[in-house]
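The primary structure of each chain is shown beneath.
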Amino acid sequence: MDTLTTSVSSRGVATLTFNRPDRANSYDAAMLDALADGCEAFGKDAAVRVIVLRGAGRHFSAGNAIGAGGKPKRPIDALPKPTVAVAQGACIGGALAIASSCDTLIASRDAFFAIPEVRLGFAPGPLLGAFARGIGYRALRRYLLSGERFSAEDGQRLGLVHRLCEPEGLEAAVDELIDALLLGAPNAAATAKQLLRRQAPPALSPDELRDLQRVHEALAQSEEAAEGRAAFKEKRKPRWYPPQ
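Residues numbered from 1 in each chain as written. Predicted model: local features only at pLDDT ≥ 70, side-chain atom pairs only at ≥ 80, totals over all residues. Heavy atoms only, no water.

A.B. asks: Now, about the overall build of the protein: what can you tell me, with residues and values included?
C.D. replies: The helix and strand tally for the protein stands at nine helices and nine strands. Principal-axis analysis of the C-alpha atoms places the extent of the protein at approximately 55 × 45 × 35 Å. Expressed as a percentage of its 244 residues, the buried residues of the protein come to 44%. Considering only contacts within the protein whose residues lie at least 6 apart along the sequence, 67% involve residues at least 24 apart. Positive and negative side-chain charges in the protein, numbering 31 and 28 respectively, have mean positions lying 2 Å apart. (Helix = DSSP H or I, 4+ residues; strand = E, 2+ residues; numbered from the N terminus. Buried < 20%, exposed > 50% of the residue type's maximum accessible area, 1.4 Å probe, protein only. Contact = heavy atoms within 4.5 Å. Lys, Arg positive; Asp, Glu negative; His and termini not counted. Charge placed at Lys NZ, Arg CZ, Asp CG, Glu CD.)

A.B. asks: How would you summarise the sheet that holds strand 7 (residues 112–114) if you had to cite specific residues and measurements?
C.D. replies: Across the sheet, which stays open at both edges, the three strands sit in the order 5-7-8 with mixed pairing between neighbours. Looking along the sheet, the strands with just one partner apiece sit at the ends: strand 5 (90–92) and strand 8 (149–151). Between one strand axis and the next, the sheet turns through 25 degrees on average, direction left out of account. Bridging between strand 7 and strand 8 involves three bridges; their strand directions are antiparallel. Within the sheet, the bridge partner assigned to F113 lies in strand 8 and is F150. (Pairing = 2+ DSSP bridges. Axes fitted to C-alpha atoms, helices over the stretch in contact; angles between N-to-C directions.)

A.B. asks: Go over the pattern of salt bridges with me, naming the residues and quoting the values.
C.D. replies: Under the criterion given, the structure shown has 15 salt bridges. In this structure, R11 engages D179 in a salt bridge whose closest nitrogen and oxygen atoms are separated by 2.9 Å. Taken together, the residues span a long stretch of sequence, with R11 in the loop between strand 1 (4–8) and strand 2 (13–18) and D179 in helix 6 (residues 170–182) at a distance of 168 residues. Judged by relative accessible area, R11 falls into the partly exposed class, the value being 47%. R214 is paired through a salt bridge with D211; the nearest N and O atoms lie 2.1 Å apart. Placement of both R214 and D211 in helix 8 (residues 206–220) is noted, with a separation of three residues, approximately one turn of the helix. A relative accessible area of 51% means that R214 is categorised as exposed. Taking relative accessible area as the criterion, D211 reaches 38% and is therefore assigned partly exposed. (Salt bridge = Lys/Arg side-chain N within 4 Å of Asp/Glu carboxyl O.)

A.B. asks: Explain unusual backbone geometry to me, and be specific about the residues and the numbers.
C.D. replies: Of note in this structure, A24 is not a glycine but carries a positive phi near 55 degrees. Relative to the helices and strands, A24 is located in the loop between strand 2 and helix 1 (29–44). Phi at K235 is positive, roughly 55 degrees, even though this residue is not glycine. Looking at the element boundaries, K235 is found in the segment after helix 9 (223–234).

A.B. asks: Run through the nonpolar core, naming residues and quoting values.
C.D. replies: Side chains of nonpolar character tend, in soluble globular proteins, to be buried together. Grouped together as the largest cluster of nonpolar side chains are 43 residues, with contacts concentrated most on L35, L53 and F113. Those elements that place two or more of their residues in this core are strand 2, helix 1, strand 3 (50–55), strand 4 (83–87), helix 2 (94–100), strand 6 (104–108), helix 3 (128–135) and helix 4 (137–146). Grouped together as the second largest cluster of nonpolar side chains are 13 residues, V13, V52, I106 and C165 included. (Core = buried A, V, L, I, M, F, W, Y, C linked by side-chain atoms within 4.5 Å.)

A.B. asks: I'd love a proper account of helix 8, names of residues and values included.
C.D. replies: Spanning 15 residues, helix 8 covers 21 Å between terminal C-alpha atoms, matching the ideal 21 Å at 1.5 Å per step. Every buried residue of helix 8 is accounted for by Q213, H216 and A220. The arc that holds the buried residues of helix 8, viewed along the axis, is 60 degrees, so those residues lie on one side. In helix 8, the exposed positions that point more than 90 degrees away from the buried face belong to R214 and A218. Of the surrounding secondary structure, the elements contacted by the buried residues of helix 8 are helix 9. (Expected span 1.5 Å × (residues − 1). Arc of directions from axis to C-beta.)

A.B. asks: Give a description of the sheet that holds strand 1 that names residues and reports values.
C.D. replies: Strand order across the open sheet formed by six strands is 1-2-3-4-6-9, with mixed pairing between neighbours. This sheet does not close on itself; its edge strands, each paired only once, are strand 1 and strand 9 (163–165). Along the sheet, successive strands turn relative to each other by an average axial angle of 15 degrees, direction set aside. In terms of strand pairing, strand 2 meets strand 3 through six bridges, oriented parallel. By the bridge assignment for strand 3, A14 is matched with I51. Those strands touched by helix 6 are strand 2, strand 3, strand 4, strand 6 and strand 9, and its axis lies near 165 degrees from that of strand 6.

Here it is in structure tokens:
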């Protein structure tokens, strides 16, 4: 079974779907490579008008599979086509960074979000920019440091979620948004995205990204990270948590 599936509709809507529902669509390096390749190909395809990212089954994605390696690569927000993330269930860690990089996020009321890396003993490093774009710097200070889950309602309040709907209304909401996006002229939309990026906060330089990645990789191999992974697998509190 392909762990990332792709399709293109007759209207030019390309859909990339995390397809690992038995593991809450947690991704590995191969899935991220496939996602990067798919996004790049659809971004260059003149027949594609809109790119949709979603997850099969109950969840969008639980993020990086523990011990699997890999990190989101291509900046999805640099794609010239309108991008839509469709979130239900878990949207955690790197998956939240992916969803935050899309132009629009539609969420079911059963969706929830989290940046849990500190609870696993390391920091997310290169993904911080995507998290900040998604929920804002002030909110990120809380959820980055606490690792707490926050609801779809909270996500809408923070500006992450553009439209919130009941689970049974999710597909209709997606169809409605896609129809609205298709009313925009393709070249005009691509130019609008390019101009808007000029107004965004400056992106980190390649050297800064490499520094963040080095810090991330060092922490991922630390004693805290080893304990965090063990606690997660054993479903217990980590040893640094003081008993009540």
